[in-house]
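Given next are the chains, with one letter for each unit.
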Amino acid sequence: MTKWEYATIPLIIHATKQILDQWGEDGWELVQVVPGPDGNGLVAYLKREKNAS
């Protein structure tokens, strides 16, 4: 059974691509982008497969 780990990260509008590209290089897949808790900015939800330990 596949196990996943998750991360939430704030996105800076003028650097969104760079932020997501960096996380993607580390194996993270974008799941969803939602408005930030204060209504300003965006928050990205990401996932990646957990390494078997």
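Residues numbered from 1 in each chain as written. Predicted model: local features only at pLDDT ≥ 70, side-chain atom pairs only at ≥ 80, totals over all residues. Heavy atoms only, no water.

Visitor: Explain the nonpolar core to me, please; I cannot follow it from the model alone.
Guide: Where a protein is soluble and globular, its nonpolar side chains tend to be buried together. Membership of the largest hydrophobic core is limited to eight residues, which are Ala7, Ile9, Leu11, Ala15, Ile19, Trp28, Ala44 and Leu46. Counting residues per element, the ones that place at least two in this core are strand E1 (4-11) and strand E3 (42-49). Residue contributions to this core peak at three residues, all from E1. (Core = buried A, V, L, I, M, F, W, Y, C linked by side-chain atoms within 4.5 Å. Buried < 20%, exposed > 50% of the residue type's maximum accessible area, 1.4 Å probe, protein only. Helix = DSSP H or I, 4+ residues; strand = E, 2+ residues; numbered from the N terminus.)

Visitor: Would you take a moment to explain the pairing of E3 for this structure?
Guide: Consecutive residues of a regular strand have side chains that alternate between opposite faces of the sheet. Bridge count between E1 and E3: eight bridges; the pairing is antiparallel. Its bridge partner being in E3, Leu11 is matched across the sheet by Leu42. Two strands pair when backbone bridges link them, and strand E2 (residues 29-35) and E3 are joined in this way by six bridges, in the antiparallel orientation. Bridge pairing in E3 links Val33 to Ala44. Adjacent in sequence and paired antiparallel, E2 and E3 are bridged by six residues, among which Gly39 carries a positive phi angle near 85°. (Pairing = 2+ DSSP bridges.)

Visitor: It is not clear to me how the pattern of salt bridges should be interpreted in this structure. Could you clarify?
Guide: When the charged atoms of two side chains with opposite charge come close together, those side chains can pair. By the definition in use, this model includes two salt bridges. The shortest N-O distance in the salt bridge between Lys17 and Asp21 comes to 2.5 Å. Linking Lys17 with Asp21, this pair stays in helix H1 (residues 16-25), spanning four residues, or about one helical turn. A residue is classified by how much of its surface remains accessible, and Lys17, at 59% relative accessible area, is exposed. Overall, Asp21 belongs to the partly exposed group, its relative accessible area being 40%. (Salt bridge = Lys/Arg side-chain N within 4 Å of Asp/Glu carboxyl O.)

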